[in-house]
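Given next are the chains, with one letter for each unit.
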Amino acid sequence: MTTAIWWLRRDLRLTDNQALHAALQHADSILPVFVLDDALWESPYVGGKRLAFMLGGLRAVDTDLRDRGSRLIVRRGRPADVLAQLADEAGAQTIFAEADFSPYARSRDRAVAERVALTHTDGLAVRPPGTVLKNDGDPYSVYSWFRKTWLDRALPTRSDVLPAPDAIATPDSLPSEAIPADPALPDSVPFEPGEAAAEKRLKAFIDGPIYAYDKKRDRTDLDGTSRISPYLRFGMIAARRAAVAAYHAMENAPDKAARENAETWLSEIIWRDFYIHILYHFPHVRGDNFRPAYDDLAWENDTEQFAAWCEGRTGYPLVDAAMRQLTVSGWMHNRARMVVASFLTKDLLIDWRWGERFFMQHLVDGDPASNNGGWQWAAGTGTDAQPYFRIFNPTSQASKHDPQGAYIRRWVPELADVPDEHIHEPWLMDEDTQQKAGCVIGEDYPAPVVDHKRARERTLEAYKTARGE
Ligand SMILES: Cc1cc2nc3c(=O)[nH]c(=O)nc-3n(C[C@H](O)[C@H](O)[C@H](O)COP(=O)(O)OP(=O)(O)OC[C@H]3O[C@@H](n4cnc5c(N)ncnc54)[C@H](O)[C@@H]3O)c2cc1C
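Criteria and thresholds
- Residues numbered from 1 in each chain as written.
- Predicted model: local features only at pLDDT ≥ 70, side-chain atom pairs only at ≥ 80, totals over all residues.
- Heavy atoms only, no water.
- Helix = DSSP H or I, 4+ residues; strand = E, 2+ residues; numbered from the N terminus.
- Rg over C-alpha atoms; globule rule 2.2 N^0.38 Å.
- Buried < 20%, exposed > 50% of the residue type's maximum accessible area, 1.4 Å probe, protein only.
- Contact = heavy atoms within 4.5 Å.
- Areas by Shrake-Rupley, 256 points an atom, 1.4 Å probe, with all protein chains shown as cover.
- Near = heavy atom within 4 Å.
- Polar contact = N/O pair within 3.5 Å; in protein donor to acceptor, adjacent residues only side chain to side chain.
- Nonpolar A, V, L, I, M, F, W, Y, C, P; charged D, E, K, R; others polar.
- Pairing = 2+ DSSP bridges.
- Right-handed = clockwise from strand over helix to strand, strands pointing away.
- Domains from an automatic or database assignment.
- Buried area = accessible area lost by both parts, 1.4 Å probe.
- Salt bridge = Lys/Arg side-chain N within 4 Å of Asp/Glu carboxyl O.
- Axes fitted to C-alpha atoms, helices over the stretch in contact; angles between N-to-C directions.
- Parallel < 35°, antiparallel > 145°, perpendicular 65-115°, else oblique.
- Left-handed = near helix turned anticlockwise from the far one by under 90°.

A.B. asks: When you look at the overall build of the protein chain in this model, what are you seeing that I'm missing?
C.D. replies: Check the secondary structure of the protein chain and you find 20 helices and five strands. For 469 residues, the compact-globule estimate of 2.2 N^0.38 gives 23 Å, and the protein chain sits close to it at 24 Å. Across its three principal directions, the C-alpha atoms of the protein chain cover 80 × 50 × 50 Å. Residue burial in the protein chain is summarised as follows: out of 469 residues, 56% are buried. Once local pairs closer than 6 in sequence are excluded, the contacts in the protein chain between residues at least 24 apart make up 78%. In the form shown here, the protein chain has an accessible surface area of approximately 19700 Å², with 48% of it arising from carbon and sulfur atoms.

A.B. asks: What exactly am I supposed to notice about the site of the ligand here?
C.D. replies: Lining the immediate surroundings of the ligand are 28 residues, of which Tyr213, Thr225, Ser226, Arg227 and Asn334 lie closest. Within the side chain of Trp265, a nitrogen or oxygen atom sits 2.9 Å from an oxygen atom of the ligand. For the ligand, the protein covers 95% of the area, taking 820 Å² as the surface of the free molecule. Among the secondary structure elements, those contributing two or more residues to the shell around the ligand are α9 (229-233), α11 (256-281), α14 (334-347) and α16 (368-379). Here the element with the most residues in the shell around the ligand is α11; it accounts for six residues. Looking at the shell around the ligand residue by residue, the class counts come to 14 nonpolar, eight polar and six charged.

A.B. asks: Quick question: what am I supposed to make of the pairing of strand β4 (residues 94-98) here?
C.D. replies: For β4, a buried count of five out of five residues is recorded, marking the element as mostly surrounded by other parts of the structure. Burial along β4 is two-sided: the residues Thr94, Phe96 and Glu98 and Ile95 and Ala97 are all buried. The pairing of strand β1 (residues 3-7) with β4 spans three bridges and is parallel. Bridged to Trp6 within β4 is Phe96. Strand direction decides the pairing type here: β4 and strand β5 (residues 117-121), joined by five bridges, are parallel. Each residue of the ladder has a partner; that of Thr94, found in β5, is Ala117. At this point the chain moves from β4, through helix α5 (residues 103-113), to the parallel β5, and the crossover so formed is right-handed.

A.B. asks: Explain the domain arrangement of the protein chain to me, please; I cannot follow it from the model alone.
C.D. replies: For interface size, the figure often reported is the accessible area lost on association. Partitioning the protein chain into structural domains gives domain 1 (3-124), domain 2 (125-161 + 195-281) and domain 3 (292-463). Placing the centre of domain 2 and that of domain 3 at their C-alpha centroids yields a distance of 27 Å. Counting residues at the interface gives 21 residues for domain 2, matched by 24 residues for domain 3. Summing the contributions of domain 2 and of domain 3, the shared interface buries around 1900 Å²; its carbon and sulfur component is 58%. Interface area lost by domain 2 to domain 3 is led by Asp218, Thr220 and Tyr275, which between them contribute 34%. Remark: the boundary between domain 2 and domain 3 carries one salt bridge. Between Asp218 and Arg335 there is a salt bridge, and its shortest N-O distance comes to 3.3 Å. Inspection of the region where domain 2 meets domain 3 yields eight residue pairs in polar contact (both at pLDDT 80 or more). Considering every element that reaches the side of domain 2 that touches domain 3, the biggest residue donor is α11, with six residues.

A.B. asks: What exactly am I supposed to notice about the packing of α14 against α16 here?
C.D. replies: How two helices sit against one another is set out by the angle between their axes and by the gap between those axes. It is the contact of α14 with α16, at a shortest axis distance of 8 Å, that shows an interaxial angle of 55 degrees. By the criterion of interaxial angle, the relationship of α14 to α16 is oblique. The hand of the α14/α16 crossing is right-handed. Facing Met338, Ala341, Ser342, Leu344, Thr345 and Lys346 of α14, the residues of α16 in contact are Trp375, Trp377, Ala378 and Ala379. Looking at the contact of α14 with α16, its residues break down into seven nonpolar, two polar and one charged.

This is how it looks when you write it as structure tokens:
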């Protein structure tokens, strides 16, 4: 009887799990293990909502394993110590795990591999780092070229998706700690953890909304995107499974326009792969600008303005709605992420790293690669970034992407009764209208923390100076 350890990290699922599959092919019995890594609990980049979602995912995977005669072993400590100890207890020679590419994950895995044989499998990305390169072997740093090469390779098909095993034999003598009940997932987070919930959400999107994705994806007031990001973050659904679903939707599209919508959605899955590759090939982006030209940028870093941004009281309704959506629900619409990131870096001239950390503390889908990519894109310091001179106007973004202000009214109740014509610029209401709307500026809702026009000019100067222009 041979035993192998299946070490779960960001692959909390049984369907299309290449690490589980490899472990099952290698050994007669499998020890599914999750390590409650001290580093995770102590990191300033981790927040309660994401941790709670992950713990819910562990409970779900434990239930799914028990249905198959197995169970999840949970142990707390340093992964290298815990896994060496478990390998001893179980007489296991090999650990199988889905490769992860953040600098922390790589150094953690190196430490483990020094103690027990560790075999990595694919699965985190549809196409793992190293498989989408230029002809000369260099990595891409421009998304459109990356995407082209990504699409040129053979596409995975439904038959590539590995079914969940029917039964898994696991030694029953090894003790497990309880999955912590704390932190608990607040009711305000609209994501049920687990593979079943992930599959349901993907299916609901692929069965219809994907065909209107292009038209609705930028509207913050509509439910036009898939909202599967938290599930991809923890591998409650495989990225490959999502890509295959997109191809399937493309094949079944009723017309050309519908097919193009599905293609656009696939392009977003490719963006996710792109940022995984960027973090792998350019690990310095974790703490530094991708473009060193901006290393001397003179950030203002005003702590009071930062607090106003974090708490959703900048006086710009779309920014405030988005920040409250984040801190209450643990998720934010993509367009809103772009707007608030631009506002922090370019209107307030606050270092993108501050915003990146705050996002990681609150997002259920907080992901080191996509979040870093998104922030550096917005700040203009990143790979295929928004040019430094393109600065979102928070008011016109709002009238374009939340035309009637429904998103704003939902998240900023102080503005609920503000008339439509003032919803994006409430500071322009006269006193009488403010009284009637129950929203006195400066009392019930703040006046803008900065004047966008002036802030824009200051920022352009700061970026030009950093560039030596
Ligand atoms: C400043 C900033 C920070 C971000 N931080 C994160 C983060 O921490 N985690 C995260 O998953 N996404 C992040 N994104 C990307 C994007 O906002 C979310 O992936 C998206 O809003 C998730 O919603 P959805 O699942 O409905 O997406 P859909 O529009 O349905 O897209 C499907 C999937 O494609 C991927 N995707 C979509 N857009 C992007 C993108 N721009 N970059 C990378 N992948 C993308 C996601 O996995 C997403 O779930 C960030 C974007 C910005 C601008």
